[in-house]
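Listed below are the residues making up each chain.
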Amino acid sequence: MSAADVALELDCRGMLCPLPVIHLGRRIGEVAVGEVLAVVATDVAARTDVPAWCRMRGQEYVGEDTALDGSPRYLVRRSS
Amino acid sequence: MTSASGTAAPGGRATHGYLDAASSEPLHPAARQTLLAALDQGYADPRRRHRSARSARLLLDNAREVVADCLGVRPDEVTFTSSGTDAVHRGLLGLRAGRARHGDAVVHSAVEHSAVVHAAAWVPGDHVAVEVDRSGRVPPEAVARAATVPGVAVAAVQAANHEVGTVQPVGEVAAALAGTGVPLFVDACASAGRLPLPTGWDAAAASAHKWGGPAGVGVLLVRKGARWRNPFPGDDRVDERTTGFENVPAALAAAAALQAVVTEREQVGRRQAALMDRVRAAAAAVPDTEVVGDPVDRLPHLVTFSCLYVDGEALVDGLDRRGFGVASGSACTASTLEPSHVLAAMGVLTHGNVRVSLTRDTTEAEVEGFLAALPEVVAGIRAEVGL
């Protein structure tokens, strides 16, 4: 996914679980329905917890790519 | 407020509020009695020929027969080891060694206990983790597919999952492997004594302190006729499958506990399952909380759930302050800072995780007390992060 398609990117590098998901939960409302929010997180738990958050909160998990510095980036489309 | 761990609640048992039986069940009264009696009789070397030695040997053989009877196996298929982990290592790697001519790879479900994962990683050759579904169950056909790749020595599937309680389809896995020549190792540490042992394995492992026996006693089962080779240095003890001086009193106490637990299991299991249904319903009612593991085909005494936005360490500590001891698979509570590989393989939330497991005498009042504390502790932690 290109940078242009991401409406908001959260820098959660260095944060331990559950902080990346807490930031995701707090800020999903800042993107419009249909837009994509990206979470850049180095904590390995985010790989499981971001998709699980999407499932529990009824949002769409788009997938994983990498930020410019190579950190994992998790993409979430706001669907409600 | 009740006292924290380490002291008895006023008027209560020493284990009041202890909801971590899946880590270790308190010593069964039958085991305590047997252990104290056996300490005075089972001190001698069961390998010697004199009277004291014969007495120790008699106790050891008696323990073996009782365990065999409780698990539905032959006495000569039972070996006492120094722990459940040791039994897992010997069972899995012994079957692998017995298949050295065919290969060295190990196939196992992605949700095996770390004892299996570490043993597989310790030896040369591939180790393949077979994916599980959302409930933590491994599909038998996927195990068979992975196990019939050339070079596979052994497959390992647990009887039931130690973290989420899901019972694995061991019988179906065994049926799928029949005729392939690939032996099956079953880690039964989480379920032994609580559920009948599944069938179809070539070797299996159990752990006494998980059923109310003393710690430091594992049980290795090797099916008569299975091709098993000792993967470790040998010894000249009673049983060629293990090493070290036999802990005769502890083995006998483990057998006594198992016998008692098997005798009471229908009654205790029914009571525990009813309490667990109550915990499942109450935990699921906490906002943004997911109960994980199979809702029906599961261990009777444990349940696991995860609470969104909650730090696992804070949750365990908060519950401990309220007098309840629980386990967690969240990364922040693990020494490795890695989340539970079981929860990750299931694709369920790894943070805010709690495993509640009941001892044989956990009361309804304790469970209700825990369920009253849980939403308050969760809400308190969420309030601190503004969610």
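Numbers given to residues run from 1 along each chain, matching the order in which its sequence is written. Working convention: letters from A go to chains and numbers from 1 go to ligands, in the order in which they are written. Given that the model is predicted, a residue must reach a pLDDT of at least 70 before its local features are reported, and side-chain atom pairs must reach 80 or more before they are shown or counted; all residues, however, enter totals for whole chains, interfaces and linings. Side-chain calculation: all heavy atoms of the structure are included, whereas hydrogens and water are not.

Named according to an unreviewed UniProt entry, chain B is Aminotransferase class V-fold PLP-dependent enzyme originating from Nocardioides deserti. UniProt positions are given in the numbering used here, feature names are shortened, and annotations may be inferred rather than shown by experiment. Quoted verbatim from the Sequence similarities (unreviewed entry) field of the UniProt record, the comment on chain B reads "Belongs to the class-V pyridoxal-phosphate-dependent aminotransferase family. NifS/IscS subfamily." The record in UniProt for chain B states the following under Catalytic activity (unreviewed entry): "(sulfur carrier)-H + L-cysteine = (sulfur carrier)-SH + L-alanine".

*Asks:* Give me the pairing of strand β4 (residues 152-156) of chain B: which residues, what numbers.
*Replies:* All names here are of chain B. Buried means the residue's accessible area, taken with a 1.4 Å probe over protein chains only, is under 20% of the maximum for its type, while exposed means over 50%, and partly exposed covers the values in between. Numbering goes from the N terminus for both helices and strands, where a helix is a DSSP run of H or I of at least four residues and a strand is a run of E of at least two. With respect to burial, β4 is a largely interior element, 5 of its 5 residues being buried. Taken together, the 4 bridges between strand β2 (residues 105-109) and β4 define a ladder with parallel strand orientation. Across the sheet, residue His108 finds its bridge partner in β4, namely Ala156. When β4 meets strand β5 (residues 184-187), the two strands line up parallel, connected through 2 bridges. Across the sheet, residue Ala155 finds its bridge partner in β5, namely Leu184. Handedness of the crossover joining β4 and β5 through helix α6 (residues 170-177): right-handed. The pairing criterion for strands is at least two bridges between them, as found by DSSP. Assignment of crossover handedness uses the view with strands pointing away from the viewer, where a clockwise path from the first strand over the helix to the second indicates a right-handed crossover.

*Asks:* Describe the pattern of salt bridges, with residues and values.
*Replies:* All names here are of chain B. Only one rule defines a salt bridge in this text: a Lys or Arg side-chain nitrogen within 4 Å of an Asp or Glu carboxyl oxygen. On inspection of all chains with the given rule, the structure shows 27 salt bridges over all chains. For Arg194, the salt bridge goes to Glu25, with nearest N and O atoms at 3.0 Å. Of this pair, Arg194 sits in the loop between β5 and β6 (203-207) while Glu25 sits in the segment before α1 (29-39); the two residues are 169 residues apart in sequence, bridging distant segments of the chain. No difference in accessibility class separates Arg194 from Glu25, as the two residues are buried. Asp76 is paired through a salt bridge with Arg74; the nearest N and O atoms lie 2.8 Å apart. Overall, Asp76 belongs to the partly exposed group, its relative accessible area being 39%. By sharing partners, the salt bridges in this structure join Asp45, Arg48, Arg237 and Glu246 into a single network.

*Asks:* Quick one: what's the story with the layout of surface pockets, residue by residue and with numbers?
*Replies:* Residue and element names in this part refer to chain B. Here the second largest pocket is characterised by a volume of approximately 350 Å³. Throughout, the protein atoms alone are placed on a 1 Å grid, and a set of points is a cavity if a 1.4 Å probe fits but cannot get out or a pocket if it is open with protein on both sides within 12 Å along at least five of seven lines; lining residues have an atom within 4 Å of a point. Taken together, 27 residues line the second largest pocket, and the ones lying closest to its centre are Ala22, His113, Cys189, His209 and Lys210. Put simply, Ala, Val, Leu, Ile, Met, Phe, Trp, Tyr, Cys and Pro go in the nonpolar bin, Asp, Glu, Lys and Arg in the charged bin, and everything else, Gly too, in the polar bin. Among the residues making up the lining of the second largest pocket, the classes are represented as 11 nonpolar, 11 polar and 5 charged. Grid points are joined across faces, edges and corners, and a volume is the space filled by probe spheres set on the points.

*Asks:* I'd like a rundown of the nonpolar core, residues and numbers included.
*Replies:* Residues and elements named next belong to chain B. The nonpolar core is taken to be a set of buried Ala, Val, Leu, Ile, Met, Phe, Trp, Tyr and Cys residues, with the residues joined through side-chain atoms within 4.5 Å. Ranked by size, the top nonpolar core spans 62 residues in total, and within it Phe80, Leu184, Trp211, Val219 and Leu221 carry the most contacts. With 9 residues, the single largest contributor to this core is helix α7 (residues 248-284). Domain limits in this description derive from either an automatic procedure or a database domain assignment. A domain-level breakdown of this core finds at least three residues from each of domain 1 (29-259) and domain 2 (265-384). Residue contacts are counted whenever heavy atoms from the two residues lie within 4.5 Å of one another. Not counting residues up to four positions away in its chain, the partners in contact with Leu221 are Leu71, Val73, Glu77, Val78, Leu197, Trp201, Asp202, Ala203 and Ala204. With 28 residues, the next largest nonpolar core counts Val303, Cys307, Phe324 and Val356 among its residues.

*Asks:* If you had to explain unusual backbone geometry to someone new, which residues and values would you point to?
*Replies:* With omega at 5°, the peptide bond leading from Cys17 of chain A into Pro18 of chain A counts as cis. Relative to the assigned elements, Pro18 of chain A resides in the loop between β1 (6-12) and α1 (19-27). In the Ramachandran plot, Asp288 of chain B falls in the positive-phi region, its phi being about 50° despite a non-glycine side chain. Note on Asp288 of chain B: relative accessible area 25%, which makes it partly exposed. Phi is positive for Tyr309 of chain B, which is not a glycine, with a value near 70°.

*Asks:* Can you break down the sheet that holds strand β4 (residues 72-77) of chain A residue by residue, with the values?
*Replies:* Residue and element names in this part refer to chain A. Taken in spatial order, the 4 strands line up as β1-β2-β4-β3 in an open sheet, and their pairing is mixed. The outermost strands of the open sheet, each flanked by one partner alone, are β1 and β3 (60-66). Going from strand to strand, the sheet's axes swing by 25° on average, the running direction of each strand aside. Axis geometry follows a simple rule: fit a line to the C-alpha atoms, using only the stretch in contact for helices, then measure angles between N-to-C directions, giving values from 0 to 180 degrees. Strands in contact with α1 are β1, β2 (36-41) and β4; relative to β1, the strand with the most contacts, it is inclined by about 145°. Contacts between helix α2 (residues 46-57) and the sheet are confined to β2, β3 and β4, with β4 contributing the most and set at about 0° to the helix.

*Asks:* Provide a residue-level description of empty space enclosed by the protein, including the pertinent values.
*Replies:* All names here are of chain B. On inspection of all chains with the given rule, the structure shows 1 cavity of 30 Å³ or more. Of the voids in this model, the largest cavity is the one considered here, and its volume is about 130 Å³. Lining of the largest cavity is provided by Glu25, Gly193, Arg194, Trp211, Val261, Glu264, Arg265, Val268, Gly269, Gln272, Pro300 and Arg360. A breakdown of the residues in the lining of the largest cavity according to their chemical character gives 4 nonpolar, 3 polar and 5 charged.

*Asks:* For the interface of chain B and chain A, give the residues involved together with the corresponding values.
*Replies:* On the chain A side, the residues contacting the 23 residues of chain B number 15 residues. Accessible-area loss on putting two parts together, using a 1.4 Å probe and summing over both, is the definition of buried area adopted here. Taken over both partners, the interface formed by chain B and chain A buries close to 1600 Å², and the fraction arising from carbon and sulfur atoms is 64%. Taken as a group, Tyr309, His351 and Val385 of chain B account for 29% of the area that chain B buries against chain A, more than any other trio of residues on that side. Scanning the region where chain B abuts chain A turns up 2 salt bridges. For the salt bridge of Asp288 of chain B with Arg57 of chain A, the shortest nitrogen-to-oxygen distance reads 2.8 Å. Under the rule applied, a polar contact is a pair of N or O atoms within 3.5 Å (in protein, one hydrogen donor and one hydrogen acceptor; residues adjacent in sequence only if both atoms are side-chain atoms). For the interface between chain B and chain A, the tally reads 7 residue pairs in polar contact (both at pLDDT 80 or more). When contributions to the side of chain B that touches chain A are tallied by element, the ones reaching two or more residues are β8 (289-292) and α9 (341-346) of chain B.

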